[in-house]
Structure formats: C-alpha cells, structure tokens
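Breakdown of the fold
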Amino acid sequence: MKLKQKRKLITYLNVLDQPIRFNPFVFSRIFLLWALLGLLGGIIAGVYWIGLEFLSHYLAVFNGWKVIPLMGICGLLAGLIIHFIGDPGEIHLIVNNIRFNKGKLNPKNNPSMVLSSLLCVASGGSLGPEAPLVQVTGSTGTWIGKLFRLKGEELRSLSIAGMASGFTALFGAPLGGSLFSLEILHHKHAVEYYKAIIPAFVSSCFSYLVFALIIHLGLGPVWDLSAYEYSGMFDFGYAVLFAIIGATFGWVFIFCTKFFKSIFEKKPIPIYIKTLIGGIILGIIAFYLPITRYFGHHEINELLLGNFSLSLLFAILIFKIVAISITVTSGWRGGFIIPLFFVGATLGIIIHQLFPSINLTLAIVSCMAAINACVTRTPMSTTILLATLTGFGHFIPILFASLTGYFLAPRIPFIGSQMNKE
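Structure report, in brief.

Quick notes on the rules
- Residues numbered from 1 in each chain as written.
- Predicted model: local features only at pLDDT ≥ 70, side-chain atom pairs only at ≥ 80, totals over all residues.
- Heavy atoms only, no water.
- Helix = DSSP H or I, 4+ residues; strand = E, 2+ residues; numbered from the N terminus.
- Buried < 20%, exposed > 50% of the residue type's maximum accessible area, 1.4 Å probe, protein only.
- Contact = heavy atoms within 4.5 Å.
- Areas by Shrake-Rupley, 256 points an atom, 1.4 Å probe, with all protein chains shown as cover.
- Core = buried A, V, L, I, M, F, W, Y, C linked by side-chain atoms within 4.5 Å.
- Polar contact = N/O pair within 3.5 Å; in protein donor to acceptor, adjacent residues only side chain to side chain.
- Lys, Arg positive; Asp, Glu negative; His and termini not counted.
- Salt bridge = Lys/Arg side-chain N within 4 Å of Asp/Glu carboxyl O.
- Axes fitted to C-alpha atoms, helices over the stretch in contact; angles between N-to-C directions.
- Left-handed = near helix turned anticlockwise from the far one by under 90°.

With that out of the way, let us pick up the overall build of the protein. For the protein, the count of helices and strands is 17 helices and zero strands. For the protein, the residues scored as buried account for 55% of the 422 residues in total. Here the contacts in the protein between residues at least 6 apart in sequence split such that 81% fall between residues at least 24 apart. Summed over its atoms, the accessible surface of the protein is roughly 19,200 Å², and 69% of this surface lies on carbon and sulfur atoms.

Encoded structure:
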C-alpha cells in the first residue's frame, strides 16, 4: 500500500473515532460496528449451516455397516487437517483467550476449525456446530476491533459480541445467545463482562435476522414441548427433583469424559490416529444405535415422536453419553450443548416411562436444563435458550431446574478456563 493511501486510511479511521456531534440519542457510530459484526456473523453462520446441511445429506447415504468405515475415514481426514493446517483448539481455549488474552481470538486457525468440524459434525459425531461458529464469529469480532484500533475492554466486548452472534444463529434466541456468551466465561461471576451485554445483544439481533433470511428460519420452537398445564406448587418440587437426577447424569458425563481423556492421553500419539480411533468407535455405536449418530438437532424430535422401549432408552442414554465423551476426547471438533440436551430429553422420557403419572414435558425440560447447567455453568442463559427452543411457556420451572443443576455441579468446572486464574 502506498504512503498516500495509508494516510487516507488513517484519516478515515480518525473520522470514525470521533463522536457524533449534536446527537441527542444514545445511538452512536459504535452501534454500526456492532450491527456490522452481527451481519457478518449471520452470513458466516448461514454459509456454514448450508455447507453442513449439504455435506450431512451427502454422507447420510452411508448407513448400516458402512457408517463404521465412513466415520473412521472422516475422523482420519479431520485429524490430518488439524495436524497439517493447525490446531484450532476447543471451547476451553476460546474462554481462556477471552478472559486472559485481552479478549483476542486468533482467526488464523479458522480454516482448520471450519474444515475439521464440518467433517466431524456432518459424518455423525456427537458434537454440534456451536463451538466452530463461536470461534469463527468471535475471531471476526477481534479482527474488526483491531481494524478500528479498539483496545482493552472495547476489543474484548467486540469479540464477545462476535461469539454471541454465533450462539444466536444456532439457537435462534438473541437474548439467550447474548447472555450465554457472557455467562460461559466465568463459573461464578457472570456479570464480570457486563460491559459487553449491549454489544452482544445488538450483534445477536442482526445475526439472527441475516441467518433467518439465509436458511428461511421461522419463529417457532425447534423441539415442540409446549403441551404442559400447570398443576400446582408441586410442579416446582418435581422440577427440582428431576433436576437432581439430571445433574447426576451431568456428573456421569464429566467422569466419563475424564476417563476417556486419560485413555487417549496415556500414550502420545498423533492427533489423526486419535480421531481415527474415535471415529471407528463412534461408527460402531451408531451402527447399533442409529439415533445416537449426529448431534441431536433433528434426533430430539425423533426421540419425542418415537415409541422406544425402556431398555432401548437406557441403552440410548448410556451410549449417547459415551459417544459425546469419545467425540470430545478423541480430538473431534464441535460443541456439546445440544448433545447434552439430547441426553436430558432421553432421561426425561425414561422418568416418564417409569412413572407414567408424571408430566412428560416437565420431566424432559427439567432434565435438559439441569444437565446443561451442571456441565456449562450457565443457569440463566440455559433457561432462556430452552424456553425458546422448546416453546415451554412456563419460565419459572425451567429456572428452578437450571439453578438446581448449577448448584449441584462439581466444584471444579468442566470447562477448566472458567476458573479464576491463580
């Protein structure tokens, strides 16, 4: 770039830095920056989702015994991408960079994250696209912040706003996505990053708008659990009771993940060998229990509408937890939030089959809320997200269940970077 062009660019940036004169409103130029980030986040999420749907449809023809070599090959390819292009990290790294690296998310590993996660999610891994989307949209926020010479809390806020746009695009809940991006950063003090709430909310709204236009997203719930009638104060007690059971299985998931992590880390082996082994095991599980394949976005509806026996439901519950744990620990890329919702839904159906007089919808929603809040430490945003995703109009029982799962969570959080840095 020539010297004259550089001077012009600096002049334009200086103009953008100046406040609007004679402006009687809260509105300012920084709002346009948040909106721009949301628009970009929505476009990124929309393109990613279309690619994911296309690849998933293409790979879905491999069923039966063919799913075993398919997932093994996809795991190997994903591992080779990570090995040669770069390790994009996981949600632990994203949280760590936001909290302890001045809010900077490095976009250089985005190609590796996008390519590896598309293979992992589309082939049937038990992880969803939320972590890849958050990494890409969050790092886009960092890039825009650096472009406009933002520093400190302003740069961190823009990175968080980018994360929120990614969460919102997947969950279809601007308020829930905004709050989730703040709450997941700290296991005790959700308001530590309160300065980013308005940027996150603005970015989320614009991201949702663009994403909905691209994929023709409606306003209805993804999993319709609206058939619930309040039967009295005992419902709150039931919600807490179901949440205790859900939190128990949150502990089971955490211990299962630690167990498989210790196995995969026992000997230092290349990442592509780990992803290959993980893919073969996931393929075997998917061969015997096809509903455990994929991350649960469509499978939860299949679970709700199906007529599964109690023994089959127990098998689905156990092996889905195993599948998520292996996917997380073997190097496959993706997020575990929606898969945990699937586990919660399965658990709620099991409780209803054991005790038919219990309200099915309340059991499912309470278990979904508790297990996610137990693992991710996000009771407030989990409540809002589930109310949006399920159409469950009674907000307070979900809140009771989420708080129960949160307070019964292990003292050391599953996402280690949520802890205070010593």
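Moving on, there is more to tell.
One finds Phe171, Phe253, Leu303, Phe336, Phe341 and Met368 to be the most contacted residues of the largest nonpolar core, which totals 96 residues. Counting residues per element, this core draws most heavily on helix H14 (residues 337-354), which supplies eleven residues. Setting aside residues no more than four positions away along its own chain, Phe253 makes contact with Ile321, Ile324, Ser325, Leu340, Val375 and Phe414. Formed by ten residues, the second largest nonpolar core is a distinct cluster that contains Ile144, Leu155, Leu158 and Val202.

Moving on: the environment of Gln135. Position of Gln135 among the secondary structure elements: in helix H6 (residues 130-147). Judged by relative accessible area, Gln135 falls into the buried class, the value being 6%. Through-space distance from the C-alpha of Gln135 to that of Ser159 is 9.6 Å; in sequence the pair is 24 residues apart. Within the structure, Gln135 has its side chain in polar contact with the side chain of Asn110 (distance 3.3 Å).

Further remarks concern the side chain of Lys274. Here Lys274 is to be found in helix H11 (residues 271-288). With no salt bridge to any partner, buried Lys274 finds its closest opposite charge in Glu265, at an N-O distance of 5.4 Å.

The next thing to look at is the packing of helix H15 (residues 360-376) against helix H16 (residues 379-390). Axis angle and axis distance: for two packed helices, these are the angle between their axes and the distance between the axes, and together they describe the pair. Across the interface, H15 lies against H16 with an axial gap of 9 Å and an inter-helix angle of 145°. The two elements H15 and H16 cross, and the hand of that crossing is right-handed. Between H15 and H16, the contacting residues are Val365, Met368, Ala369, Asn372, Ala373 and Thr376 on the first element and Pro379, Thr382, Leu386 and Thr390 on the second.

Tracing the backbone through its elements, the reader meets Thr257 in helix H10 (residues 234-264). Taking relative accessible area as the criterion, Thr257 reaches 4% and is therefore assigned buried. Excluding residues that lie within four positions of it along the chain, Thr257 makes contacts with Ser325, Val328, Thr329 and Phe414.

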